[in-house]
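In case you want the letters, here they are:
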Amino acid sequence: MVHALAGCVLAFLVGAEPLNDAARKDLKALEGEWRVVRVETRGMGQNLGDELRVDVVIEGTKITLRANGKDVETGDIAALDPSTTPKIFDTKNRKTNVVVEGIYKLEGDDWSLCRFVGKPSQRPTSFETPKDEGTLLIKLKRVKK
């Protein structure tokens, strides 16, 4: 299950494009370590506990996914646009070059990502629990050190 979840969560690994000032500001706010606390899809949700700890670490445009403390995937943010409603968070897998479209919202130490990992690509439009299998709503909390 760790690898399946890791693949879904990090179907957003990418090669970076230049970011504007507003995107750089949000990227700076996203820097650090985030713990996945909940994943929702197909009308259902699951809280993640200590038995499956999934973290996302952002350093600049680099993203590292860790499952139970072990690095699983790394990549870079492809597109970050805080001027849209909802905000855009697109990524591109380094191995497959597949672009995964998504949206995000950042509220203090809470970060929500809604990603479409199916085919053909389509951007989610809300942060409600997705009904379809290809869309994931991922809720993260900042890890305080």
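Structure first, text after, so check above.
Conventions we followed
Residues numbered from 1 in each chain as written. Predicted model: local features only at pLDDT ≥ 70, side-chain atom pairs only at ≥ 80, totals over all residues. Heavy atoms only, no water. Helix = DSSP H or I, 4+ residues; strand = E, 2+ residues; numbered from the N terminus. Buried < 20%, exposed > 50% of the residue type's maximum accessible area, 1.4 Å probe, protein only. Contact = heavy atoms within 4.5 Å. Core = buried A, V, L, I, M, F, W, Y, C linked by side-chain atoms within 4.5 Å. Phe/Tyr/Trp six-rings, centres within 6.5 Å; stacked < 30°, edge-to-face > 60°. Arc of directions from axis to C-beta. Polar contact = N/O pair within 3.5 Å; in protein donor to acceptor, adjacent residues only side chain to side chain. Salt bridge = Lys/Arg side-chain N within 4 Å of Asp/Glu carboxyl O. Pairing = 2+ DSSP bridges.

Let's talk about the overall build of the protein
At step 1: A tally of regular secondary structure across the protein gives 2 helices and 10 strands.
At step 2: Looking at the protein residue by residue over its 145 residues, the buried ones come to 41%.
At step 3: Here the contacts in the protein between residues at least 6 apart in sequence split such that 52% fall between residues at least 24 apart.

Describing the nonpolar core
At step 1: Ranked by internal contacts, the top residues of the largest apolar core, which has 23 residues, are Leu 30, Val 36, Val 56, Leu 80, Phe 89, Trp 111 and Leu 140.
At step 2: Contributions of two or more residues to this core are made by helix H2 (21-30), strand E1 (32-41), strand E3 (54-59), strand E4 (62-67), strand E5 (70-81), strand E9 (110-116) and strand E10 (135-142).
At step 3: When residues no more than four places from it in sequence are discounted, the contact partners of Trp 111 are Leu 30, Trp 34, Val 56, Ile 58, Phe 89, Tyr 104, Lys 105, Leu 106, Ile 138, Lys 139 and Leu 140.

Describing the packing of aromatic side chains
At step 1: Under the criterion given, the structure shown has 3 aromatic pairs.
At step 2: Look at Phe 89 and Tyr 104: their rings are 5.8 Å apart centre to centre, the planes differ by 65 degrees, and that puts the pair in the edge-to-face class. Taken together, the positions of Phe 89 in strand E6 (residues 87-92) and Tyr 104 in strand E8 (residues 102-107) put the pair 15 residues apart, joining distant regions of the chain. The same class applies to Phe 89 as to Tyr 104, namely buried.
At step 3: Three or more aromatic residues joined by ring pairs form one cluster here, namely Trp 34, Phe 89, Tyr 104 and Trp 111.

Structural notes on the side chain of Thr 64
At step 1: With respect to the element layout, Thr 64 can be found in strand E4.
At step 2: Note on Thr 64: relative accessible area 4%, which makes it buried.

Observations regarding H2
At step 1: Among the residues of H2, those classed as buried are Ala 23, Asp 26, Leu 27 and Leu 30. All buried residues of H2 project into a common sector of 105 degrees when viewed along the axis, lining one side. In H2, the exposed residues that point more than 90 degrees away from the buried face are Asp 21, Lys 25 and Lys 28.
At step 2: Buried-residue contacts for H2 involve E1, E3, E5, E6, E8 and E9.
At step 3: One side-chain oxygen of the residue at the start of H2 lies 3.1 Å from the amide nitrogen of Ala 22, identifying that residue as Asn 20.
At step 4: Two residues or fewer past H2, Gly 32 is found with a positive phi of approximately 125 degrees.

What about the environment of Lys 145?
At step 1: Relative to the elements of secondary structure, Lys 145 occurs in the segment after E10.
At step 2: Separated by 113 residues in the primary sequence, Lys 145 and Gly 32 have C-alpha atoms spaced 10.0 Å apart.

Quick notes on the pattern of salt bridges
At step 1: Following the criterion strictly, the structure yields 12 salt bridges and no others.
At step 2: As a salt-bridge pair, Lys 144 and Asp 109 come within 2.6 Å of each other at their nearest N and O atoms. Taken as a pair, Lys 144 in the segment after E10 and Asp 109 in the loop between E8 and E9 lie far apart in primary sequence, 35 residues in all.
At step 3: On the accessibility criterion, Lys 144 (64% relative accessible area) is exposed.
At step 4: A single network of salt bridges, built from pairs that share partners, joins Arg 35, Arg 53 and Asp 55.

Topic: the pairing of E3
At step 1: The buried fraction of E3 is high, at 5 of 6 residues.
At step 2: The pairing of E3 with E4 spans 6 bridges and is antiparallel. By the bridge assignment for E4, Val 56 is matched with Leu 65.
At step 3: Between E3 and the antiparallel strand that follows it, E4, lie 2 residues; Gly 60 among them carries a positive phi value of about 65 degrees.

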